Amino acid sequence: MATTEKTAVVDVVVVGMGPGGESVAGELAAAGLKVVGVESGLVGGECPYYGCVPSKMMIRAGNAVAEGLRIPGLAGQAQITADFSVVAKRIRAEATDDWDDAVAAKRFTDKGGHLIRGTGRLAGPREVTVSMPDGGERTFRARLAVVLNPGTNPALPSDPSLSGTPFWTNREAVQATEAPASLVVWGAGPIAVELAQAFARFGSKVTVVARGPGLLSREEPQAAKLLAEVFHSEGIKILNNTNITAVRHSAGGFRIEATDSAGKVKRLRAEKFLVATGRTMALAPLNLSGAGIEWDGKTAPSVDPHLQLAEGLYLIGDAAGAGAFTHMSMYQGNIVSGHILAKHAKQADRGSAESHAVPRVTFTDPEIGAVGLSEKQAREAGLSIRVGLTEVSASTRGWIHKSGNQGFIKVIEDTQTGVLVGATSMGPHGGEVLSALVLAVHARIPVATLKTMIYAYPTFHRAIAQALADLK
Ligand SMILES: Cc1cc2nc3c(=O)[nH]c(=O)nc-3n(C[C@H](O)[C@H](O)[C@H](O)COP(=O)(O)OP(=O)(O)OC[C@H]3O[C@@H](n4cnc5c(N)ncnc54)[C@H](O)[C@@H]3O)c2cc1C
Ligand SMILES: NC(=O)c1ccc[n+]([C@@H]2O[C@H](COP(=O)([O-])OP(=O)(O)OC[C@H]3O[C@@H](n4cnc5c(N)ncnc54)[C@H](O)[C@@H]3O)[C@@H](O)[C@H]2O)c1
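Keep in mind the model is a prediction, meaning the values are calculated, not measured.

Engineer: What exactly am I supposed to notice about the site of ligand 1 here?
Structural biologist: The environment of ligand 1 is made up of 38 residues, and the closest members are G16, G18, G45, G151 and G317. Of all elements in the fold, only α1 (19–30), β2 (35–39), α2 (46–50), α3 (52–69), β4 (119–124) and α9 (326–345) reach the threshold of two or more residues within the shell around ligand 1. Across the shell around ligand 1, the residue classes break down as 16 nonpolar, 18 polar and 4 charged.

Engineer: So what exactly am I meant to see when it comes to the environment of G422 here?
Structural biologist: Within the fold, G422 resides in strand β22 (residues 419–427). In the structure, G422 is positioned 10 residues away from I412 in sequence and 5.2 Å away in space, judged by C-alpha atoms. Not counting chain neighbours up to four residues away, the residues in contact with G422 comprise V371, G372, L373, S374, A378, I412 and V441.

Engineer: So what exactly am I meant to see when it comes to the site of ligand 2 here?
Structural biologist: Taken together, 22 residues sit near ligand 2, with G187, G189, P190, I191 and A324 positioned nearest. Among the elements that make up the shell around ligand 2, the one with the highest residue count is helix α7 (residues 190–200) (4 residues). Partitioning the shell around ligand 2 into residue classes produces 11 nonpolar, 7 polar and 4 charged. Taken domain by domain, the shell around ligand 2 gets at least three of its residues from each of domain 2 (160–277) and domain 3 (359–469).

Engineer: Help me understand the sheet that holds strand β21 (residues 408–414), please; the structure alone is not making it clear to me.
Structural biologist: One key point about sheets: their strands pair by backbone hydrogen bonds, in either a parallel or an antiparallel sense. Pairing in this open sheet of 5 strands is antiparallel, and the strands run β18-β19-β22-β21-β20 from one edge to the other. For this open sheet the edge positions go to β18 (359–362) and β20 (385–391), each flanked by a neighbour on one side alone. For this sheet the average axis-to-axis angle between neighbouring strands, irrespective of direction, equals 10°. Taken together, the 4 bridges between β18 and strand β19 (residues 367–372) define a ladder with antiparallel strand orientation. Bridging across to β19, V361 finds its partner in G369. Along the sheet, helix α8 (residues 221–233) makes contact with β19, β21 and β22, crossing β22 at roughly 0°. Contacting β18, β19 and β22, helix α12 (residues 430–442) crosses the sheet at an angle of about 180° to β22.

Engineer: How do you make sense of the sheet that holds strand β11 (residues 242–250) when you look at a structure like this?
Structural biologist: Read from one edge of the open sheet, 3 strands run β11-β12-β13, paired in antiparallel fashion. In this open sheet, the two strands that pair with only one neighbour each are β11 and β13 (265–270). Sheet twist, expressed as the mean angle between neighbouring strand axes with direction ignored, is 20°. Here β11 pairs with strand β12 (residues 253–260) via 8 bridges, running antiparallel. Residue pairing across strands places A246 opposite E257, the latter belonging to β12.

Engineer: Would you take a moment to explain the packing of α1 against α9 for this structure?
Structural biologist: In a pair of packed helices, the angle between the axes and the distance between the axes together describe the arrangement. Viewed as axis vectors pointing N to C, α1 and α9 meet at an angle of 30°, and their least axial separation amounts to 7 Å. By the angle between their directions, the pair α1 and α9 is classed as roughly parallel. Relative to α9, the crossing made by α1 is right-handed. Across from P19, G20, G21, S23, V24, E27 and L28 in α1, the residues of α9 making contact are T326, S329, M330, Q332, G333, V336, S337 and I340. Among the residues forming the contact of α1 with α9, the class breakdown is 6 nonpolar, 8 polar and 1 charged.

Engineer: Please explain the UniProt feature "binding site: NAD(+)" (unreviewed entry) in the chain as it appears in this structure.
Structural biologist: In this numbering, the UniProt entry assigns the feature "binding site: NAD(+)" (unreviewed entry) to G187, A188, G189, P190, I191, A192, V193, E194 and G278. Over a stretch of 92 residues, the named residues converge on one spot in the fold, their C-alpha atoms separated by at most 13.8 Å. Of the residues examined, P190 has 22 C-beta atoms within 10 Å and is grouped as buried. Its location among the elements puts G278 in the loop between β14 (272–275) and β15 (279–281). Among all residues touching G278, those that are not within four sequence positions of it are A155 and G189.

Engineer: Any chance you could explain the UniProt feature "domain: Pyridine nucleotide-disulphide oxidoreductase dimerisation" (unreviewed entry) in the chain here in plain terms?
Structural biologist: The UniProt record marks residues 358–467 with the feature "domain: Pyridine nucleotide-disulphide oxidoreductase dimerisation" (unreviewed entry), using the residue numbering of this structure. End-to-end, the C-alpha atoms of residues 358–467 are 20 Å apart, and along that stretch the chain is 31% helix and 30% strand.

Engineer: So what exactly am I meant to see when it comes to the environment of F254 here?
Structural biologist: Along the chain, F254 falls in strand β12. Its 21 C-beta neighbours within 10 Å are what place F254 among the buried residues. For the pair F254 and F167, spaced 87 residues apart in sequence, the C-alpha separation works out to 8.8 Å. Once residues within four sequence positions are removed from consideration, F254 is found in contact with V184, V247, H249, R269, A270 and F273.

Engineer: Explain unusual backbone geometry to me, please; I cannot follow it from the model alone.
Structural biologist: Phi is mostly negative for residues that are not glycine, and the peptide bonds are mostly trans. Residue P160 follows D159 across a cis peptide bond; omega there is 0°. Here P160 is to be found in the loop between β7 (152–154) and α6 (170–173). Cis geometry is found at the peptide bond from Y457 to P458, where omega equals -10°. Even without being glycine, D98 reaches a positive phi, approximately 55°. Relative to the helices and strands, D98 resides in the loop between α4 (84–96) and α5 (102–109). In this model, N241 sits at a positive phi of 50°, which is unusual for a non-glycine residue.

Here is what the cut-offs are and how they apply
Residues numbered from 1 in each chain as written. Chains lettered and ligands numbered in written order. Predicted model: local features only at pLDDT ≥ 70, side-chain atom pairs only at ≥ 80, totals over all residues. Near = placed C-beta within 6 Å. Helix = DSSP H or I, 4+ residues; strand = E, 2+ residues; numbered from the N terminus. Nonpolar A, V, L, I, M, F, W, Y, C, P; charged D, E, K, R; others polar. Contact = placed C-beta atoms within 7 Å. Domains from an automatic or database assignment. Pairing = 2+ DSSP bridges. Axes fitted to C-alpha atoms, helices over the stretch in contact; angles between N-to-C directions. Parallel < 35°, antiparallel > 145°, perpendicular 65-115°, else oblique. Left-handed = near helix turned anticlockwise from the far one by under 90°. UniProt positions renumbered as here; feature names shortened; annotations may be inferred. Buried ≥ 20, exposed ≤ 12 C-beta atoms within 10 Å, placed from the backbone.

Encoded structure:
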């Protein structure tokens with residue numbers, strides 16, 4: 001029977017239990033507030049079940065295969081029989097509990113939180129109505145705050161029609177039990193390149209179809225060019241300036257028509273077809289207008305430095321538009337918890353959201369770590385800049401590393417302030433090397449000070465000193 005009850009009054013309602021929402025809801029419940037967490041899917045959100053964690057398990061496994069193939073020339077001979085079923089099992093057993101969130105749900109309820117399964121929508125700035133799976137509805141009025149953390153869903157191009165075909169998004173790709181013999185990947189963003197390389201390392205014949213002139217359009221052009229070279233060397237085909245114009249599926253698999261900007265048509269066949277053409281913010285079902293918030297239906301609605309859409313109504317995570325990364329969702333969640341506890345429990349505020357040093361790592365091999373502005377963004381922002389670049393392979397550690405040593409470090413200095421405003425670290429462990437650069441950009445450490453630092457020999461991060469010496 002459908003459950004419909006009169007309005008319940010609580011302290012805080014969190015709608016969407018992604019990484020940030022789960023952490024806000026858990027912290028506030030543990031602090032003794034009466035917190036309702038509303039979740040329509042899995043507690044924890046995209047990252048642990050369909051995103052970061054399973055994809056990085058696939059990448060870790062694929063990288064182990066690639067490292068094994070680098071043994072000749074370094075350490076003798078190796079025979080490798082890559083078997084995707086090992087990582088597929090690991091994703092089920094260790095990462096996702098076979099896509100069951102019982103452990104995550106218990107983690108929240110053990111802190112005293114109340115979990116309501118269903119889809120939430122705003123009935124007012126502090127009122128949330130939940131449509132429950134049994135068809136019933138419940139409404140909660142929050143005395144202190146409502147926190148929205150709805151995340152995103154895969155964006156599917158409407159043309160050509162994909163309907164009736166068993167295409168993959170990231171959600172199906174991470175549930176694969178074997179690597180397909182052949183795979184067409186539509187899109188050239190982080191999801192596309194990470195999964196393309198992971199499957200290729202398990203023997204899939206992969207073709208990446210990029211709408212633009214290359215891979216990873218948001219990264220430095222040097223990163224996109226080098227990754228394309230690595231993909232070519234690993235047998236991954238890339239079709240640039242190309243769109244997909246027809247998709248058919250039959251017992252023989254996918255038949256895909258790809259048309260380049262000159263109108264030349266290529267016919268591709270593939271066992272599987274992964275659509276990775278971006279994300280749409282899951283804001284529509286939230287009925288923002290129910291709380292008097294205007295939304296254009298496309299871009300992230302604006303929030304104040306404490307992530308508030310209106311007094312006591314917060315928006316965090318991918319849908320807040322400051323970077324679609326788990327660390328951003330959690331960073332914002334921490335600011336929101338701090339703000340709520342400062343206002344209502346006399347705790348110290350944790351400051352407001354800063355956006356000048358947002359880091360990101362694309363976990364291809366070589367890894368691409370980046371922070372702050374790219375050279376293009378800095379020039380477009382009208383900054384007067386100097387740029388320094390050094391090749392990882394030319395550093396002592398890169399030379400010692402030999403196979404798999406491709407990469408570079410690029411730094412961008414604002415000459416007015418003498419601090420770095422952006423940097424990229426591509427190479428072996430590029431995401432780890434990035435940490436020093438994130439600190440420099442975040443803390444606005446003068447380049448003159450960075451140049452006096454002692455960089456351990458022979459590390460990959462020592463190449464940062466070379467990049468700084470190259471600033472011109
Ligand atoms: C393949 C892939 C790989 C990725 N790899 C990385 C990575 O390596 N590093 C990284 O930092 N980021 C990565 N990301 C991005 C990362 O997954 C997201 O940034 C992260 O999940 C944070 O999203 P979020 O907090 O906005 O919410 P989400 O994780 O999207 O969770 C939102 C939750 O809200 C629920 N929900 C939505 N609307 C409602 C509603 N109205 N009522 C109730 N519940 C609702 C959803 O069911 C969902 O559980 C990856 C993403 C993908 C797809
Ligand atoms: N390692 C990481 O941190 C990581 C990994 C994966 C995803 N993510 C996050 O998830 C977000 C989404 O990733 P993504 O790869 O889907 O998005 P994206 O927006 O970065 O890339 C989308 C790609 O699809 C193409 N595209 C978009 N619309 C198209 C259309 N109509 N026709 C043809 N091509 C089209 C774009 O040109 C682009 O190459 C990322 O921006 C990132 O924030 C992070």
